[in-house]
Every structure is written in structure tokens, then in C-alpha cells.
Amino acid sequence: MAPRVRERSPYVELQRDQWRELRRSTPLPLTAEELDRLRGLGEQIDLNEVAEVYLPLSRLINLQVAARQRLYEATTTFLGEDAHGTKVPFIIGIAGSVAVGKSTTARILRTLLARWPDHPRVDLVTTDGFLYPRAELVRRGLMHRKGFPESYDRRALLRFVTEVKSGAEEVRAPVYSHLAYDILPGEEQVVRRPDILILEGLNVLQPGPRLTVSDLFDFSIYVDAHTADIEQWYIERFLKLRHTAFSDPASHFHHFANLPDDEARAEARHLWKTINEPNLIENIRPTRPRATLVLRKDADHSINRVRLRKL
Ligand SMILES: Nc1ncnc2c1ncn2[C@@H]1O[C@H](COP(=O)(O)OP(=O)(O)O)[C@@H](O)[C@H]1O
Ligand SMILES: CC(C)(COP(=O)(O)O)[C@@H](O)C(=O)NCCC(=O)O
């Protein structure tokens, strides 16, 4: 069946069986063991989904990286500059709610894209490193707004992406720890002239009155699902975290480690209803129309629909 093109729409919507055909002959460069290491807590993805959903995506992005380079060279020709050999990092943004599975998407995509010989250097940076440190959040009265746009140092984030895209030799990003619930002083992630940078975070598609990171994206992905399903995933993950991350005495959430199921559920639901759902509805979901690609998940986490911005 041919993909359905909506009249007068910049988007094309594809069911999974249509999308998977677009893999063409792209090989699957991933083993089940490698996928086990990339899968986040509570995620269900298997190699079949990598083949049917992520390989077509990897092929599309590979084609676009080459096209973007030619576009850059057109501008340098116009300016009378010599672009010979200058490669501009291709920037991919990945947005979506807390607990929707962005990190798993980002890690799988990173691994697949790095296996193309024409762009082997793929770096992944999450925007939580650009959250203000806890003391600054307290000073600004934002401790209950963590993950909202104003809880990030957006100027530092824009500077970071601009420097990477400008070809700086080394660019440094701060590092956030869920365990400490804070930025780790003195720790940094160093990015050295990647072919592709993936920037993953709740708010990466936010528009702004001035230039924002989304203006520097060459491709963007919104990971989408029904709000009620994401709430369910958030609560289930919270219950599981009691036995993993929260069980570490150093964890900010250690006091939740021994909560019985019903109390843990109530706590998770409270965090969801007071912080993460309002952020999804007020800030994150409104950015969905801006994404180049929307991956739509069903209640069992499987991706069954894809919306591509064609124009
Ligand atoms: N309180 C926590 N302690 C430890 N790890 C966490 C905590 N909350 C979230 N994580 C982990 O952080 C990562 C990012 O989570 P999140 O921001 O909800 O995005 P997503 O689920 O879309 O990847 C996930 O791998 C998740 O398992
Ligand atoms: C750290 C986060 C803000 C996500 O950051 P991102 O990398 O998406 O910018 C989020 O995962 C988080 O911890 N939110 C706080 C509320 C909660 O724990 O549910």
C-alpha cells in the first residue's frame, strides 16, 4: 500500500508495515546482547522493532546527512569561501515526555548511526546536564519545576550546541546525576568534533523569542504516546527503581526504597500529576508539530505509527 499523504499537509503518516518497507537493504548491525545494554528500565524493544522502525530511520538520516552537507557547501560557494573538507556536525534533537523512552531511542539511534562508514563519530548529550544546580533551583523557587523550560540554563545549552556545530575542537557539557539529584561539580562530558550530535531532552524542541537549540537541528524526533500510558510507565518505573537506583543509600530517593507498593504508587502518581504531566501538557506536547519525525507508541511500548514531516 502506498503511504497516505494528507492533502495540503507537510506531514506523511505511515503505519509500521508501510514504514518498515523503507528500510530497503539497510543491514541490521546490532546483536540481541548489544540491544540488552541499550534498553532502558521498563522498555520492551526487541530486535524486530529495531529492524522495522529504527533501520528505516537510520537510512533516512544517513541520506539527509549527505544532503545537508551539500546544502552547507552551496552556502559557502555563495560566500566565496572554500568549504573543501569542512564537515559540519549534523544535529539531531530527540524530545518527549519524562518516562516515554527517549533515552532508549537516543542510544539505539546513536549505535545504528555510528555503524555507517560515512559518519562513525556520533555523540549523545542529554539536556539534564544543563539543569541549574540544585542550589540555584532552590534560589529561583524551581525545585518543583524540574524539567520545565525555566529550570535549564538555556543560554549555556545554546552556546554548547552552537560551538559543536561551529566545529570547535572540544566542547564541554556539565553532567547531571539522578542519584545525587544535582549537577556533579567538576564532572563534564567532552565532545570532540562529532559527525553527528544527538541532543536528547524534554524541551529541546521549544521555540523562543530568540535563537534556540531547535533552530540548529538538522533533524528532530518526538517520541509520543497517550498521556495515560506514559503515566502508567512512569509509575511502573518508579516501583522498579526502588529495587535498583533508590536502593543505593546515596540516592536522593533512598527513603522511597522500602515503601510498600500502594504507597510507592501514590507517591509516583503525585510526582506525575504535580510535575511531569503539567510539563508534558503545557510545554512538551505543544512542540510536537515542530518535529521532523513523530514515533507513536502503543500502550505496550511498541511503535506502530510514524509521522514524517516531508515539506
Ligand atoms: N529517580 C531516578 N533515579 C535513577 N534513574 C532515573 C530516575 N528517573 C529517571 N531515571 C533514568 O533516567 C533516564 C531518563 O529518564 P526520563 O527523563 O524519564 O526520560 P525517558 O524515559 O524518556 O528516557 C532513564 O534511563 C531513567 O531510567
Ligand atoms: C532530569 C529530568 C528533568 C529530565 O531531563 P532531560 O535530560 O530530559 O532534560 C527528569 O528526568 C526528572 O528527573 N524530572 C524530575 C521529576 C521526576 O523525578 O519525575
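Residues numbered from 1 in each chain as written. Chains lettered and ligands numbered in written order. Predicted model: local features only at pLDDT ≥ 70, side-chain atom pairs only at ≥ 80, totals over all residues. Heavy atoms only, no water.

Draft legend 1. Structural view of the packing of helix H7 (residues 227-241) against helix H8 (residues 261-284). With their axes 9 Å apart at the nearest point, H7 and H8 run at an angle of 135° to one another. By the criterion of interaxial angle, the relationship of H7 to H8 is oblique. For H7 against H8, the interelement crossing comes out right-handed. Between H7 and H8, the contacting residues are Thr 227, Ile 230, Glu 231, Tyr 234, Ile 235, Phe 238 and Leu 239 on the first element and Asp 261, Ala 264, Arg 265, Glu 267, Ala 268, Arg 269, Leu 271, Trp 272, Lys 273, Asn 276, Glu 277 and Leu 280 on the second. (Axes fitted to C-alpha atoms, helices over the stretch in contact; angles between N-to-C directions. Helix = DSSP H or I, 4+ residues; strand = E, 2+ residues; numbered from the N terminus. Parallel < 35°, antiparallel > 145°, perpendicular 65-115°, else oblique. Left-handed = near helix turned anticlockwise from the far one by under 90°. Contact = heavy atoms within 4.5 Å.)

Draft legend 2. Structural detail: the site of ligand 1. Not every one of the 13 residues close to ligand 1 is listed here, only the nearest: Ala 99, Gly 101, Lys 102, Ser 103 and Arg 237. One of the backbone N or O atoms of Ala 99 is found 2.8 Å from an oxygen atom in ligand 1. Only helix H4 (102-113) and H7 provide two or more residues apiece to the shell around ligand 1. In the shell around ligand 1, the residues fall into seven nonpolar, four polar and two charged. (Near = heavy atom within 4 Å. Polar contact = N/O pair within 3.5 Å; in protein donor to acceptor, adjacent residues only side chain to side chain. Nonpolar A, V, L, I, M, F, W, Y, C, P; charged D, E, K, R; others polar.)

Draft legend 3. Focus on unusual backbone geometry. Even without a glycine there, the phi angle at Arg 24 is positive, about 50°. One can find Arg 24 in the loop between helix H1 (16-19) and helix H2 (32-38). You will see that His 301, though not glycine, has its phi angle at about 80°, which is positive. Mapping His 301 onto the fold places it in the loop between strand S9 (293-297) and strand S10 (303-309). His 301 gets classed as buried once you look at its relative accessible area, which sits at 10%. (Buried < 20%, exposed > 50% of the residue type's maximum accessible area, 1.4 Å probe, protein only.)

Draft legend 4. Structural context of the UniProt feature "binding site: ATP" (unreviewed entry) in the protein. The UniProt entry lists Gly 96, Ser 97, Val 98, Ala 99, Val 100, Gly 101, Lys 102 and Ser 103 under the feature "binding site: ATP" (unreviewed entry), expressed in the numbering used here. Lining the largest cavity, from the residues named above, are Gly 101. By the element assignment, Ala 99 lies in the loop between strand S3 (90-96) and H4. Filtering out sequence-adjacent residues up to four positions away, Ala 99 remains in contact with Ile 230, Trp 233, Tyr 234 and Arg 237. With respect to the element layout, Gly 101 can be found in the loop between S3 and H4. Dropping the residues within four chain positions of it, Gly 101 is found in contact with Glu 43 and Lys 297. (UniProt positions renumbered as here; feature names shortened; annotations may be inferred. 1 Å grid on protein atoms, 1.4 Å probe; cavity = no way out; pocket = protein on both sides within 12 Å on 5 of 7 lines; lining within 4 Å.)

Draft legend 5. Spatial organisation of the layout of surface pockets. If you add up the space inside the second largest pocket, you get close to 460 Å³. Taken together, 21 residues form the lining of the second largest pocket, with Arg 154, Arg 155, Leu 158, Leu 211 and Thr 212 sitting closest to its centre. Looking at the lining of the second largest pocket residue by residue, the class counts come to 10 nonpolar, five polar and six charged. (Points joined across faces, edges and corners; volume = space filled by probe spheres on them.)

Draft legend 6. Layout of the nonpolar core. Judged by nonpolar contacts, the single largest core of 90 residues is most densely connected at Tyr 54, Ile 92, Phe 160, Ile 198 and Ile 221. Tallying contributions element by element places helix H3 (residues 47-79) first for this core, with nine residues. The residues touching Ile 198, leaving out its near neighbours within four places in the chain, are Ile 92, Ile 94, Ala 106, Leu 109, Arg 110, Leu 113, Val 122, Asp 123, Leu 124 and Val 125. (Core = buried A, V, L, I, M, F, W, Y, C linked by side-chain atoms within 4.5 Å.)

Draft legend 7. Expanded view of empty space enclosed by the protein. Counted according to the given criterion, the structure contains two cavities of 30 Å³ or more. Of the pockets and cavities examined, the largest cavity occupies roughly 50 Å³. Along the walls of the largest cavity sit Glu 43, Gln 44, Ile 45, Glu 49, Tyr 54, Gly 101, Thr 104, Thr 105, Lys 297 and His 301, which together make up its complete lining. Listing elements by their share of the lining of the largest cavity, those giving two or more residues are H3 and H4. Taken together, the residues of the lining of the largest cavity sort by class into two nonpolar, five polar and three charged. Volume-wise, the second largest cavity comes out at about 40 Å³. Secondary structure elements with two or more residues in the lining of the second largest cavity: helix H5 (134-139) and strand S6 (182-191).

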